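Breakdown of the fold
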Amino acid sequence: MSNIKTIETIIAPPPPHMVGDGFRVHNFFPNNVIDKKRMSPFFLLDYNSKVEFSPREEPRGVGVHPHRGFETVTIAYHGQVAHHDSGGNSGVIREGDVQWMTAASGLLHKEYHEKEFSRKGGLFQMVQLWVNLPAKYKMSPPKYQEITNSMMGRYDLPGDKGVVEIIAGEFNGVKGAASTFTPLQVYNAKLKKGAVLEMDFPSFYNTGILVVEGSASINNTAAPADHFVLFKNDGEKIQITASEDTILLVLSGEPIDEPIAQYGPFLMNTWAEVEQAINDVSAGKFGVLED
Ligand code: MN
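The rules behind the values
- Residues numbered from 1 in each chain as written.
- Predicted model: local features only at pLDDT ≥ 70, side-chain atom pairs only at ≥ 80, totals over all residues.
- Heavy atoms only, no water.
- Donors = N, O, S within 2.8 Å, 3.2 Å for Na, K, Ca; no water.
- Buried < 20%, exposed > 50% of the residue type's maximum accessible area, 1.4 Å probe, protein only.
- Helix = DSSP H or I, 4+ residues; strand = E, 2+ residues; numbered from the N terminus.
- Salt bridge = Lys/Arg side-chain N within 4 Å of Asp/Glu carboxyl O.
- Pairing = 2+ DSSP bridges.
- Axes fitted to C-alpha atoms, helices over the stretch in contact; angles between N-to-C directions.

What follows covers the coordination of the manganese ion. Surrounding the manganese ion are the protein donor atoms His65 (NE2), His67 (NE2), His109 (NE2) and Glu111 (OE), at 2.1 to 2.4 Å. For the manganese ion, the donor residues sit on a single chain with the sequence spacing H-x1-H-x41-H-x1-E. Given a relative accessible area of 16%, histidine 65 falls into the buried group.

Structurally, the position occupied by serine 150 is in the loop between strand 12 (143-147) and strand 13 (153-156). Under the relative-accessibility criterion, serine 150 is labelled exposed at 69%. Between the C-alpha atoms of serine 150 and glutamate 165, which are 15 residues apart in sequence, the distance is 9.4 Å.

Tallying each qualifying case throughout the model produces 14 salt bridges. Between arginine 119 and glutamate 116 there is a salt bridge whose closest N-O contact spans 2.9 Å. You can see arginine 119 and its partner glutamate 116 sitting in helix 1 (residues 115-120), three residues apart, about one turn around the helix. Arginine 119 gets classed as partly exposed once you look at its relative accessible area, which sits at 34%. In the salt-bridge network here, residues are joined through shared partners; they are Glu57, Glu116 and Arg119.

If you trace the four strands from one edge of the open sheet to the other, you get 18-23-20-21, paired in antiparallel fashion. Because the sheet does not close on itself, it has two edges, and the strands there are strand 18 (196-200) and strand 21 (221-223). Pairs of neighbouring strands in the sheet enclose a mean axial angle of 25 degrees, with direction left out of account. Two elements, strand 20 (residues 216-218) and strand 23 (residues 237-242), share three bridges in a ladder whose sense is antiparallel. The partner of alanine 216 across the bridge, within strand 23, is alanine 242.

For the rest of this paragraph, the subject is the sheet that holds strand 5 (residues 61-67). Within a beta sheet, neighbouring strands are joined by backbone hydrogen bonds and run either parallel or antiparallel to one another. Taking strand neighbours across the sheet as the criterion, the four strands line up as 5-10-7-8 in an open arrangement whose pairing is antiparallel. A strand with exactly one partner marks an edge of an open sheet, and here the two such strands are strand 5 and strand 8 (90-93). Put simply, the sheet's adjacent strands are angled 20 degrees from each other on average, direction ignored. Of the pairings in the sheet, the one linking strand 7 (residues 81-85) to strand 10 (residues 107-113) comprises five bridges and is antiparallel in character. Each residue of the ladder has a partner; that of histidine 84, found in strand 10, is lysine 110.

This is the structure in structure tokens:
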């Protein structure tokens, strides 16, 4: 194939850090290798690789904090997360499900292990993505898309070789569940050993794959578990062969070509807008939420 996407780099999971006491994450980007615009519109990828949490009565998690200017996408592979926000919304993200939260103009929220999960303890594995919004949508009203597994688009591989769950975008004519502000693709490719899958994305889309489970040969290069494969913007095709039963999180999207000013949980275009966000939180404009 001449129009194959070249692999730029395969990144091993960086040393994990805790977010609150409930999320032990490897941050794949933004960092020195994949800077703040390299995977745009995806700004941040925090990956909680598999970890066993001991039972605890008081759920672990991260306390009240604000967001403005982007969307948080939480993908649950193992375990359950409960959330509450200053708009009075709450819910539980269960195994196999996705929460697509548009923070946009801003809210306060908290994210905790679901009570019953916490009480029993167990295996926990999650992804949180931050998806940037273009300037014209940064101050849109907040909203949620609770995307249960059954709501996702499904493309079944021939010969019972697995499924591509389309969370957002489109694959082989099958549409994803999430509505997005800019063109992007988010899939879970759940492949059985030996499955072959070919995907096609425009060369100017920023594209990467996180190996969530198992391992695969991607464009003839070995991609081990918990690694992130970053593609150059030079071709269209990705060819995957699952070396074992494998789950891949596939990300591809049209870059947002705007300046970025990020400070903590605020992702804006200018420092004046970041300052405004900080002031608005202090002034109570993001609402109120008990810890
Ligand atoms: Mn948050």
